[in-house]
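# Report on the structure
Listed below, chain by chain, are the residues.
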Amino acid sequence: MRFRHPDGSLVHLAYCTNVHPAETLDAVVAQLRDHCEPIRRRLGRDRLGIGLWLAKDAALALENDPCALAALRAELDRRGLEVVTLNGFPYEGFGSQQVKYRVYKPDWADPERLRHTTALARILAGLLPDDIVEGSISTLPLAWRTIATPARMETARTALRTLGDRLDALAELTGRSLRIGLEPEPGCVIETTADALTPLTDIAHPRIGICVDTCHLATSFEDPDTALDALARAGVPIVKSQLSAALHAEHPHRPDVREALTAFDEPRFLHQTRTLTATGRQGTDDLGDALRHGALPDSTPWRTHVHVPLHAAPAAPLTSTLPVLATALTRLVGGPHPLTRHLEVETYTWHALPAELRPRTRAQLIDGIAAELSLARDLLTDLGLKELP
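What counts, and at which threshold
Residues numbered from 1 in each chain as written. Predicted model: local features only at pLDDT ≥ 70, side-chain atom pairs only at ≥ 80, totals over all residues. Heavy atoms only, no water. Helix = DSSP H or I, 4+ residues; strand = E, 2+ residues; numbered from the N terminus. Buried < 20%, exposed > 50% of the residue type's maximum accessible area, 1.4 Å probe, protein only. Contact = heavy atoms within 4.5 Å. Areas by Shrake-Rupley, 256 points an atom, 1.4 Å probe, with all protein chains shown as cover. Pairing = 2+ DSSP bridges. Axes fitted to C-alpha atoms, helices over the stretch in contact; angles between N-to-C directions. Phe/Tyr/Trp six-rings, centres within 6.5 Å; stacked < 30°, edge-to-face > 60°. Expected span 1.5 Å × (residues − 1). Salt bridge = Lys/Arg side-chain N within 4 Å of Asp/Glu carboxyl O. Parallel < 35°, antiparallel > 145°, perpendicular 65-115°, else oblique. Left-handed = near helix turned anticlockwise from the far one by under 90°. 1 Å grid on protein atoms, 1.4 Å probe; cavity = no way out; pocket = protein on both sides within 12 Å on 5 of 7 lines; lining within 4 Å. Points joined across faces, edges and corners; volume = space filled by probe spheres on them. Nonpolar A, V, L, I, M, F, W, Y, C, P; charged D, E, K, R; others polar. Arc of directions from axis to C-beta. Core = buried A, V, L, I, M, F, W, Y, C linked by side-chain atoms within 4.5 Å.

## Remarks on the overall build of the protein
If you tally the helices and strands in the protein, you get 12 helices and 15 strands. For the C-alpha atoms alone, the extent of the protein along its principal axes is close to 55 × 50 × 45 Å. Relative to its full complement of 389 residues, the protein shows a buried share of 59%. For the protein, restricting intrachain contacts to residue pairs at least 6 apart in sequence, the fraction spanning at least 24 positions comes to 79%. Carbon and sulfur atoms form 53% of the exposed surface of the protein, whose accessible area is close to 14,800 Å².

If you want it as structure tokens, here you go:
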């Protein structure tokens, strides 16, 4: 979906396809038919943006076969779909029954992460619409914190500098300007936007910036205005923003709240949980850890890394951090000029929600994603952006 900002620039809104378990190129093509095009039709739009997730095997198939890349581009066009951004964070197995810590491998100290992301950049250059020259890719924030030795992190920074140089060369070759955004996430080396300032300043490449995920921002109790101000002062480019909402528990000491939270403790994804106390932010790697008595202070609100559907806050006594998203979006695109032009709804946890909230059919999932995009569209038009055909 395309929007015209009051300053005349183009802002893109997409939804991220990592909600669909597609590991191969054939599965990617099938999801275009089974999900992406039906969502476009459900919204009544001639064109729908998708934030494409390409797992390792799908990316290899496209990287090694120019005909396959051309065929995918033709399939996108035929179905009224366009790609200006990729989700390069998960490498493979994101639809597995247990993802947890595996999503952080390979990290940026592993040569395979550089190879894979370089491939994604080359693929994206071939998928961009004819009238678009800028593309973006989100990626993991260096590594999971427990394996982040100084030597490994220097290797990671070197890899990102190399990637920046490769993107420069790709721009000269193709005329397409691609940028990479490190995505702060609780538990990683870069957990917050503040944590990103030093590494990105050290890397110091204009094609390497940040991806602001509003669920992660909220989970870490970051104030959107403070975070975005700091990025602006440091000159860190906001490559893209993922529009998402976390789970919020105002009174985690109450038995009914803890019971409600238990329903979101599931085996597939990590659900990092944080609270902000007088002594600072504290947290656990997973919701189940937090729920163990005494593991996390419960006199202040908890926020949990669950990507809650934007239009469907959980039932009381829980809620979502949608207000944080709205505040961040106002700063991102509501000012005189957009701070980023790539927005992506990323609710990949649809199939990991409590049973009563889970879509039971493909049609229900399509309706849910369309409803999320409709809410995001309304937020954008309320900020003065004009939806384009």
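## Regarding the sheet that holds strand E9 (residues 245-249)
Taken in spatial order, the 5 strands line up as E11-E10-E12-E9-E13 in an open sheet, and their pairing is antiparallel. In this open sheet, the two strands that pair with only one neighbour each are strand E11 (280-284) and strand E13 (318-320). Ignoring strand direction, the axes of neighbouring strands in this sheet form an average angle of 30°. Both strand E10 (residues 273-277) and E11 contribute to a ladder of 5 bridges, which runs antiparallel. Each bridged residue has a counterpart across the sheet, and for Arg274 the counterpart in E11 is Gly283.

## Section: the packing of aromatic side chains
Remark: the centre distance and the inter-plane angle together describe each pair of aromatic rings, the angle taken between the planes. According to the stated counting rule, one finds 7 aromatic pairs in the structure shown. Ring centres 5.2 Å apart and planes at 85° place the aromatic pair Tyr101 and Trp144 in the edge-to-face group. Residue Tyr101 is located in the loop between strand E4 (81-87) and helix H4 (111-127), and its partner Trp144 is located in the loop between strand E5 (134-139) and helix H5 (150-174); the two are separated by 43 residues in the primary sequence. Residue class for Tyr101 comes out partly exposed when judged on its relative accessible area of 39%. Here a set of aromatic residues connected by ring pairs shows up, and it is made of Trp53, Phe94, Phe269 and Tyr348.

## Focus: helix H12 (residues 362-382)
Across its 21 residues, H12 extends 30 Å between first and last C-alpha, which sits within 8% of the 30 Å expected from 1.5 Å per residue. Within the sequence span of H12, burial applies to Leu365, Ile366, Gly368, Ile369, Ala370, Glu372, Leu373, Ser374, Leu375, Ala376, Arg377 and Leu380. Looking one or two places after H12, you find Gly384, whose phi comes out positive at around 100°.

## Re the pairing of strand E8 (residues 238-243)
Where a strand is regular, its side chains alternate between the two sheet faces. Within E8, 6 of the 6 residues are buried, leaving the element largely enclosed by the surrounding structure. Alignment of E8 against strand E14 (residues 342-345), held across 3 bridges, turns out to be parallel. By the bridge assignment for E14, Leu243 is matched with Val345.

## A word on the pattern of salt bridges
Tallied over the entire structure, the rule returns 36 salt bridges. With a shortest N-O distance of 3.4 Å, Glu92 and Lys56 are connected by a salt bridge. You can see Glu92 sitting in the loop between E4 and H4 and its partner Lys56 sitting in helix H2 (residues 56-63), a full 36 residues away along the chain. Judged by its relative accessible area of 39%, Glu92 is partly exposed. For Asp202, the salt bridge is made with Arg161, and the minimal N-O distance between the two is 2.9 Å. Remark: Arg161 occurs in helix H5 and Asp202 occurs in helix H6 (residues 193-203); sequence separation between them is 41 residues.

## Notes on the packing of helix H1 (residues 25-43) against H12
At a closest axis distance of 9 Å, the pairing of H1 and H12 adopts a crossing angle of 55°. Considering their axes alone, H1 and H12 lie oblique with respect to each other. Between H1 and H12 lies a crossing of right-handed hand. Judged by residue contacts, Asp34, His35, Pro38, Ile39, Arg42 and Leu43 of H1 engage Arg362, Leu365, Ile366, Asp367, Ile369, Ala370, Leu373, Ser374 and Arg377 from H12.

## So, empty space enclosed by the protein
Any empty space left between atoms is shown by rolling a water-sized probe over those atoms. Counted according to the given criterion, the structure contains 4 cavities of 30 Å³ or more. In this structure, the largest cavity spans a volume of roughly 160 Å³. Residue lining of the largest cavity: 18 residues in total, with Phe94, Val103, Glu185, His305 and Tyr348 positioned closest to the centre. Residues belonging to the lining of the largest cavity are distributed by class as follows: 9 nonpolar, 5 polar and 4 charged.

## Details of H2
Restricting attention to buried positions, one finds in H2 the residues Ala58, Ala59 and Leu62. Down the axis of H2, the buried set is contained in an arc of 95°. They therefore lie on one face. For H2, the elements touching its buried residues are H1, helix H3 (66-78) and H4.

## Regarding the nonpolar core
Among the nonpolar cores identified, the biggest contains 111 residues, and Leu13, Tyr15 and Leu373 are the most heavily contacted of them. Those residues in contact with Tyr15 that lie beyond four places of it in its chain are His20, His35, Cys36, Ile39, Leu48, Gly49, Ile50, Gly51, Glu344, Val345, Ile369 and Leu373. Counting 5 residues, the second-largest nonpolar core is a separate cluster that includes Leu217, Ala218, Val324 and Ala328.

## Let's talk about the environment of Leu81
Relative to the helices and strands, Leu81 resides in strand E4. Here Leu81 falls in the buried class, since its relative accessible area comes to 4%. With 41 residues separating them along the chain, Leu81 and Arg40 place their C-alpha atoms 8.0 Å apart. With sequence-adjacent residues up to four places away left out, Leu81 is seen in contact with Leu32, Cys36, Glu37, Leu48 and Leu76.

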